[in-house]
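Listed below are the residues making up each chain.
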Amino acid sequence: MQQKDVLLTTSPEETATVAVQQLKGQEIVLKCLIEENVDTIFGYPGGAIMPIYDALFDYEDKLQHVLVRHEQGATHAAQGYARTSGKVGVVFATSGPGATNLITGLADAQIDSTPMVAITGQVFAHLLGTDAFQETDVINITTPVTKWNYQITDASEIEEVMAKAFYIARTGRPGPVLIDITKNAQLQLTDYYGYKKCDHIRSYRPKPIVRKEYIEQAAELINKAEKPFVLFGQGVLLGNAEAEFKAFVEKAGIPSAWTIMGAGAIPTDHELNVGMLGMHGNYGPNVLTNECDVLIAIGMRFDDRVTGRLDKYAKQAKVIHLDIDPAEIDKNVKTTVPVWGDCKETLPLLTELVEKKAHKAWLQRFRDYEKEEIAECIEKEINPKEGEMTMGEVINLLNQLTNGDAVIVTDVGQHQMVACRYAKFNHTRSNITSGGLGTMGFALPAAIGAKFGAQDRTVVAIIGDGGFQMTLQELGTIMQSGVNVKIVILNNQFLGMVRQWQELFHDRRYSFVNITSPDFVALAKSYYIDGQKVSERAQLNSALETMLSHKGSYLLEVMVTKENNVFPMVPQGCSVSEIRLK
């Protein structure tokens, strides 16, 4: 490494002497990460990214690298890390299959607005387009599933591009960014002037201008409303606006329901928290969506799993939509008053103008529906008196033992809906799941990342027997890193959600949903992870206690009833008010 002093003129009035270092691109990448306060990288080395890994050998005291067992696992781990820590998740992968293995995780992060920077190696620039060994056009492949991507072919670009990457990933509506760096750029010696974080890009406006007139119109509608209803999503968490949101709903006294990505923005047991929206959400929030007079959507995107049939969705209501992404306004549901902007900024403005109220009779409607749902669905799911164990009772016991303080990471399927419905969340950033993409195999690697992002919290992965087998190789990551993750496999010996649909809508024609599994406990022990399997209700409480108190990771397999269905349910093609309790 060489160093020289250079006189820089930043303006007619200012000059500064800057120590310029001669560094290789591979080291500049790592210096950029350190300047962005990155502490953890999830990755897998290979030929095209080998120079960066060579430089990383000298930075082990500054950057922690977690060696995953598959590049998809790296992306999900980075998602889990980002979701619990609030920081940008970082991924390393090589070219060709290493890069293409990132696609599912990038798509998942894109649709769930998770900040991530993926850095891939690429073949030498002079080999681009020649079908060289492990060459793929990762830029065109990832364009639909990233917020931004860029290919670096010269080391002089690295500092500026990395700064832009982190700025774009974390600001506005967050998302994944991919930077592809050719091998020659990694090896090239260039001048390094020191890192300057990006805070502006001419063509990119992360936050729309807040229009006060829309805030005033929204407040007027809310103040006149007799049956207002708040729907809140992950935008509240991404904006770090939990306190502002709580102040708004408490002053306005409005019943509030959450999307699965918004769970935890206010505690589960808050008096104005009336439950979960959507296909397997709670009875009252779904039915009363079509009875409210003003619907206030905050940081949510009216996904089809929330709305059901759009032509029958909240047609009676005036709709106020608060969102940082103008593209979401009027995309699915026509808005009466659009409130563009970061909800951390817009909510206090709105709170100032709304009147303090308590909609007691309206809130009681939700509680009445809740009582009906408890009697018809919930009680037998979480407190069964006989028969095989249910997923709900496992989650219920887990709530009691963790006091609602754990981070719950779920995979995709019946267990996901059950966990989201019944898990208690006292803290924000506690419900980590694959929402929009619905990626089976998400939970195990995401739980690993979640623990690295929240070292002081208990992290429990709730996984089905099908999803677990998609990324079970990440047990090796747990083994090598020593990360402390509690794993609960709810084994119903079926691909449960597909089976439920085949039962209800395809005359019980169970087509390829019976799934045979290995001995999960023996498998875990082959990775030096302790565990046990329980099949009897009498064993469950002590098994959960053992898992939670165990020093280090632990796998608990719980055999649950095979053909239990998740209710309530809004059948596909139906209105939310047509939700079924059985």
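For the structure, see preceding data.
What counts and how
- Residues numbered from 1 in each chain as written.
- Predicted model: local features only at pLDDT ≥ 70, side-chain atom pairs only at ≥ 80, totals over all residues.
- Heavy atoms only, no water.
- Helix = DSSP H or I, 4+ residues; strand = E, 2+ residues; numbered from the N terminus.
- Rg over C-alpha atoms; globule rule 2.2 N^0.38 Å.
- Buried < 20%, exposed > 50% of the residue type's maximum accessible area, 1.4 Å probe, protein only.
- Contact = heavy atoms within 4.5 Å.
- Areas by Shrake-Rupley, 256 points an atom, 1.4 Å probe, with all protein chains shown as cover.
- Lys, Arg positive; Asp, Glu negative; His and termini not counted.
- Charge placed at Lys NZ, Arg CZ, Asp CG, Glu CD.
- Pairing = 2+ DSSP bridges.
- Axes fitted to C-alpha atoms, helices over the stretch in contact; angles between N-to-C directions.
- Polar contact = N/O pair within 3.5 Å; in protein donor to acceptor, adjacent residues only side chain to side chain.
- Phe/Tyr/Trp six-rings, centres within 6.5 Å; stacked < 30°, edge-to-face > 60°.
- Lys NZ or Arg CZ within 6 Å of the ring centre and 35° of its normal.

Undergrad: Before we move on, could you go through the overall build of the protein and cite the residues and values that matter?
TA: A tally of regular secondary structure across the protein gives 23 helices and 21 strands. Computed over the C-alpha atoms, the radius of gyration of the protein is 25 Å, within 12% of the 25 Å expected from 2.2 N^0.38 for a compact globule of 582 residues. Dimensions of the protein, computed from C-alpha atoms along their principal axes, come out at roughly 75 × 65 × 40 Å. Counting every position in the protein, which comprises 582 residues, the buried fraction comes to 58%. Considering only contacts in the protein between residues 6 or more positions apart, those separated by 24 or more positions represent 76%. Surface exposure of the protein reaches about 23600 Å², of which carbon and sulfur atoms provide 49%. Across the protein, the centroid of the 56 positively charged side chains sits 4 Å from that of the 70 negatively charged ones.

Undergrad: An account of the sheet that holds strand E12 (residues 273-276) is needed here, citing residue identities and associated values.
TA: Strand order in the open sheet formed by six strands is E12-E11-E10-E13-E14-E15, and the pairing between neighbours is parallel. Whereas interior strands pair on both sides, the edge strands pair on one side only; in this sheet they are E12 and strand E15 (337-340). The average undirected angle you get between the axes of adjacent strands in this sheet is 20°. Inspection of the sheet shows strand E14 (residues 318-323) paired to E15 by four bridges, in the parallel sense. Across the sheet, residue Asp323 finds its bridge partner in E15, namely Trp340. Packing against the sheet, helix H9 (residues 212-224) makes contact with strand E13 (294-298), E14 and E15, and its axis sits at approximately 130° to E15. Taken strand by strand, helix H11 (residues 242-252) contacts strand E10 (228-232), strand E11 (256-258) and E13, and its axis lies near 165° from that of E10.

Undergrad: So what's going on with the environment of Asn491? Residues and values would help.
TA: Tracing the chain through its elements places Asn491 in strand E19 (residues 486-491). Residues Asn491 and Asp154 lie 337 residues apart in sequence; the distance between their C-alpha atoms is 51 Å. If we skip the residues at most four places from it in the chain, Asn491 touches Asp465, Phe520, Glu557, Val558, Met559 and Val560. At 2.8 Å, the side chain of Asn491 forms a polar contact with the side chain of Glu557.

Undergrad: How would you summarise the packing of aromatic side chains if you had to cite specific residues and measurements?
TA: Evaluation of the coordinates by the stated rule reveals 14 aromatic pairs. With 6.0 Å between their ring centres and 75° between their planes, Phe42 and Phe452 make a pair best called edge-to-face. A residue pair is termed long-range when its members are at least 10 positions apart, and Phe42 in strand E3 (residues 40-43) and Phe452 in helix H18 (residues 443-453) qualify at 410 residues. Grouping aromatic residues by their ring pairs yields a cluster made of Phe42, Tyr81 and Phe452. Over the aromatic face of Phe494 sits the side chain of Arg499, whose NZ or CZ is 5.8 Å from the ring centroid.

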